[in-house]
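# Coordinates in review
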Amino acid sequence: MHTLFISDLHLTPKRPDITDCFIAFMRDDATNADALYVLGDLFDFWIGDDDPTEFAQQIKNEFKTLVNQGVPVFFSHGNRDFLVGKKFAKQTGVTLLDEEHVIDLYGNKAVVLHGDTLCTEDLRYLAFREKVHKPWLQWVFNRLPFFIKTRIVRKIQTDTSNDKSNKSMTIMDVTPSEVLAVMNKHQVDTMIHGHTHRPNIHKISTAGHEKTRIVLGDWYTQGSILVYSKHGYQLQCKKFIS
Ligand code: LP5
Ligand code: MN
């Protein structure tokens, strides 16, 4: 009995080594799980459920197969795949989660989220996020032809990565007070998130009480999985096979 968590795979046709590791994970590790949580940035970019590529289909098939085998899959949006929508969910059987979602892990309540919203000192990112999350803008964007959207996103990506290169590592990490505020809001002692690519298990002492923040790792050089059971939890690595 265990639940699996992954995030920040940044799947792209340009990285078949990551895709192969993900497929192996879905076909081997994930089939025995009680549930699989994907906490955002599954894709390097997801610019709409109308993605016509073979690659998109291949990834969707993996989810559909797993769900059909009886493993429920839950998905939180990341900052790179916040346009994963209802059509994707319908085609795969995956359940889309709210931005912050509370789950019961074998009797322990935990809040799960991507983690970008915890970085409250990254003001330029938060301003950018607010813009691209505007429902009217997404409505317009979703109606553009796929090849136009690809061009727009390429331009946005160049601008944002130029800006990101001038930021300090501290600004791009979570703000401790925000972590506590979110845990307190949901009345939980455990938080699980990704985004920062700094896998770790943080124990936080607060008012004589211990809270835990588990940070998932990225899949840039190896797979990275949180295995959570009633007996404990562990961040595990999965070697690339190609
Ligand atoms: O992802 P990562 O870890 O590299 O960096 C993030 C933040 N960057 C982003 C940008 C994405 O990587 C790329 C954009 C994805 C677009 C998908 C579809 C878009 C459709 C839009 C239509 C509705 O999220 C980075 C953080 C970092 O995490 C750490 O937390 O710092 O933030 C940035 O770099 C953002 C810049 O600071 C903002 C610069 C603004 C300049 C560009 C303006 C373009 C506005 C267009 C509005 C439509
Ligand atoms: Mn992210």
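Residues numbered from 1 in each chain as written. Chains lettered and ligands numbered in written order. Predicted model: local features only at pLDDT ≥ 70, side-chain atom pairs only at ≥ 80, totals over all residues. Heavy atoms only, no water.

Using the following cut-off: UniProt positions are given in the numbering used here, feature names are shortened, and annotations may be inferred rather than shown by experiment.
Per an unreviewed UniProt entry, the protein carries the name UDP-2,3-diacylglucosamine hydrolase and comes from Vibrio ziniensis. Regarding the protein, the UniProt comment filed under Catalytic activity (unreviewed entry) reads as follows: "UDP-2-N,3-O-bis[(3R)-3-hydroxytetradecanoyl]-alpha-D-glucosamine + H2O = 2-N,3-O-bis[(3R)-3-hydroxytetradecanoyl]-alpha-D-glucosaminyl 1-phosphate + UMP + 2 H(+)". For the protein, the Sequence similarities (unreviewed entry) comment in UniProt is given as "Belongs to the LpxH family."

### Concerning the overall build of the protein
Test applied: Secondary structure elements follow DSSP: runs of H or I no shorter than four residues count as helices, runs of E no shorter than two count as strands, and numbering proceeds from the N terminus. Radius of gyration means the value over C-alpha atoms here, while the globule rule gives 2.2 Å times the residue count to the 0.38 power. In this scheme, a residue with accessible area under 20% of its type's maximum is buried, one over 50% is exposed, and one in between is partly exposed, where area comes from a 1.4 Å probe on protein chains only. In this description, contact between two residues means that some pair of their heavy atoms is separated by no more than 4.5 Å. Charge assignment: positive for Lys and Arg, negative for Asp and Glu; neither His nor the chain ends contribute. Charge positions are represented by NZ for Lys, CZ for Arg, CG for Asp and CD for Glu.
Within the protein, the secondary structure is distributed over seven helices and 11 strands. By the compact-globule yardstick of 18 Å for 242 residues, the protein fits well, its C-alpha radius of gyration being 18 Å. Summarising its shape, the C-alpha atoms of the protein cover approximately 55 × 40 × 30 Å along the three principal directions. Out of the 242 residues belonging to the protein, those deemed buried represent 48%. Relative to all contacts within the protein whose residues are 6 or more apart in sequence, the contacts with residues 24 or more apart total 67%. Both charge centroids of the protein, one from 29 positive and one from 29 negative side chains, sit 4 Å from each other.

### Here's the deal with the layout of surface pockets
How we decide: Each cavity reported here is a set of points on a 1 Å grid over the protein atoms alone in which a 1.4 Å probe fits but cannot get out, each pocket an open set with protein on both sides within 12 Å along at least five of seven lines, and each lining residue one with an atom within 4 Å of a point. Grid points are joined across faces, edges and corners, and a volume is the space filled by probe spheres set on the points. We call Asp, Glu, Lys and Arg charged. Ala, Val, Leu, Ile, Met, Phe, Trp, Tyr, Cys and Pro are nonpolar, and the rest, Gly among them, are polar.
For the largest pocket, the calculated volume is near 1,200 Å³. Taken together, 45 residues form the lining of the largest pocket, with F45, N79, R80, T160 and K164 sitting closest to its centre. Only α4 (123-132), α5 (135-142) and α6 (146-164) provide two or more residues apiece to the lining of the largest pocket. In terms of residue class, the lining of the largest pocket is made up of 22 nonpolar, 10 polar and 13 charged. In terms of lining, the second largest pocket is formed by 19 residues, of which the most central are T12, P13, K14, F45 and T150. Counting only elements with at least two residues in the lining of the second largest pocket, the list comes to α2 (54-68) and α6. Take the lining of the second largest pocket: its biggest share by element is five residues, from α6.

### Some details on the sheet that holds strand β10 (residues 223-229)
As a reminder, the rule being used: Following DSSP output, two strands are said to pair if at least two bridges run between them.
With respect to topology, six strands assemble into an open sheet ordered β4-β3-β2-β1-β10-β11, the strand pairing being mixed. Edge strands, defined here as strands with exactly one partner in the open sheet, are β4 (95-96) and β11 (232-238). Both strand β2 (residues 35-38) and strand β3 (residues 73-75) contribute to a ladder of three bridges, which runs parallel. Bridge assignment links L36 to a residue of β3, and that residue is V73.

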